Amino acid sequence: QSSQWGYDTDNGPDHWHKYYPIAKGDNQSPIEINSKDVQHDPTLPPWSVAYDPGAAKTILNNGRTCRVVFDDTFDRSVLRGGPLQGNYRLRQFHIHWGSSDDHGSEHVIDGVKYAAELHMVHWNPKYSNFAGALKQPDGVAVVGIFLQVGNTPKPEMKRILEEIDNVKTKGKEAPFTNFDPSILFPKSRDYWTYHGSFTTPPCEECIIWILLREPIVVSPDQMAKLRSLSINAETEPVRPMVDNWRPPQPVKGRVVKASFQ
Ligand SMILES: COc1ccc(C[C@H]2SC(=O)NC2=O)c(OC)c1
Ligand SMILES: [Zn+2]
């Protein structure tokens, strides 16, 4: 029914506020980042991760994206530093992409839309559980990595795209073990950071965003593989999973900080 949000004309980003009023809030994500408005903050420390490959559990097609889920029952895979106070536990990562290589990312950098954007979602264990963290301005930290199409793709993406064959349709889940997602990071640790929200319902304004400046490279075939995922269940007519991105939202006076000059 229409309360099932999605990315179509009748249930897409312009409709979400009807069931999730915070979608029209003052701290929504994604946003456009214009380098001229960014403030370099020399006091921003580097961020770092300590991920346990054994924490990787499953890969899932939830009908909106393809996500890999991790064991977050203790401080097993954590993100710290940068704009964050304390450790944040890795819960899952997922990807947003377009129907063609010239768009698909959620954040837009100096007018550039990347082909895709990978989100590594972490939450602050001082708020006992993920649901509690959603209600706090510093409850969640997402590392965003831009994916651009090129002919020297990053081999580390291979594993994710191979597993996609097992989760083609909505509701499909498969084991995804022994994977350290930090192998996906680009060389540079330069980042932008700002306070924002989930880019999907419930659109809670609980996220400290850490967006990496350097994109990683994927091949045209790898993008085609992502686009071969379906939003329908196995028994339903085929509908490709493409354009699962929210457009940029009003910045409303927020300042984006950069760790670099
Ligand atoms: C109620 O719990 C939720 C809701 C939505 C997401 C995913 C959102 S958050 C982001 O940055 N991109 C997305 O697609 C989520 O992720 C852990 C957890
Ligand atoms: Zn996301």
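This one's a predicted model, so the numbers in the text were calculated from it and none came from an experiment. (Residues numbered from 1 in each chain as written. Chains lettered and ligands numbered in written order. Predicted model: local features only at pLDDT ≥ 70, side-chain atom pairs only at ≥ 80, totals over all residues. Heavy atoms only, no water.)

Peer 1: How do you make sense of the overall build of the chain when you look at a structure like this?
Peer 2: Along the chain, the regular secondary structure elements total three helices and 15 strands. Relative to the compact-globule value of 18 Å for 261 residues, the chain shows a C-alpha radius of gyration of 17 Å, a close match. Here the chain holds 261 residues, and the buried ones make up 52% of them. By sequence separation, contacts in the chain at least 24 residues apart represent 71% of the contacts at least 6 residues apart. A total accessible area of about 11,500 Å² is found for the chain, and carbon and sulfur atoms account for 51% of it. Each charge sign in the chain was given a centre, from 29 positive and 31 negative side chains, and these centres are 2 Å apart. (Helix = DSSP H or I, 4+ residues; strand = E, 2+ residues; numbered from the N terminus. Rg over C-alpha atoms; globule rule 2.2 N^0.38 Å. Buried < 20%, exposed > 50% of the residue type's maximum accessible area, 1.4 Å probe, protein only. Contact = heavy atoms within 4.5 Å. Areas by Shrake-Rupley, 256 points an atom, 1.4 Å probe, with all protein chains shown as cover. Lys, Arg positive; Asp, Glu negative; His and termini not counted. Charge placed at Lys NZ, Arg CZ, Asp CG, Glu CD.)

Peer 1: Any chance you could explain the packing of aromatic side chains here in plain terms?
Peer 2: The relation between two aromatic rings is expressed through the spacing of the ring centres and the mutual angle of the planes. Using the criterion set out here, one finds eleven aromatic pairs in the structure. Here the aromatic rings of phenylalanine 130 and phenylalanine 198 are separated by 6.3 Å at their centres, their planes lie at 40 degrees, and the arrangement is tilted. Residue phenylalanine 130 is located in helix α1 (residues 130-133), and its partner phenylalanine 198 is located in the loop between β12 (191-196) and β13 (207-212); the two are separated by 68 residues in the primary sequence. As far as the burial class goes, phenylalanine 130 and phenylalanine 198 line up, both buried. Here the aromatic residues Phe70, Phe93, Phe176 and Phe179 are joined through ring pairs into a cluster of three or more. Over the aromatic face of tryptophan 5 sits the side chain of arginine 64, whose NZ or CZ is 3.9 Å from the ring centroid. (Phe/Tyr/Trp six-rings, centres within 6.5 Å; stacked < 30°, edge-to-face > 60°. Lys NZ or Arg CZ within 6 Å of the ring centre and 35° of its normal.)

Peer 1: Help me understand the site of ligand 1 in this model?
Peer 2: Taken together, 13 residues lie around ligand 1, and Gln92, His94, Phe198, Thr199 and Thr200 are the ones closest in. Between histidine 119 and ligand 1, the recorded distance is 3.4 Å, taken from a side-chain N or O atom to an oxygen atom. In the environment of ligand 1, a nitrogen atom lies 3.2 Å from a nitrogen or oxygen atom belonging to the side chain of threonine 199. Protein contacts shield 82% of the accessible area of ligand 1, which totals 430 Å² for the unbound molecule. When contributions to the shell around ligand 1 are tallied by element, the ones reaching two or more residues are β7 (88-97) and β9 (116-123). With three residues, β7 is the single largest residue contributor to the shell around ligand 1. Looking at the shell around ligand 1, its residues break down into seven nonpolar, six polar and no charged. (Near = heavy atom within 4 Å. Polar contact = N/O pair within 3.5 Å; in protein donor to acceptor, adjacent residues only side chain to side chain. Nonpolar A, V, L, I, M, F, W, Y, C, P; charged D, E, K, R; others polar.)

Peer 1: Would you take a moment to explain the nonpolar core for this structure?
Peer 2: Taken as a class, soluble globular proteins show a tendency for nonpolar side chains to be buried jointly. In this structure, Phe93, Met120 and Met157 are the most contacted members of the largest nonpolar core, which totals 44 residues. Top contributing element to this core by residue count: β7, with five residues. Counting residues in each nonpolar core, the second largest holds 24 residues, with Ile31, Val140, Val142 and Phe146 among its members. (Core = buried A, V, L, I, M, F, W, Y, C linked by side-chain atoms within 4.5 Å.)

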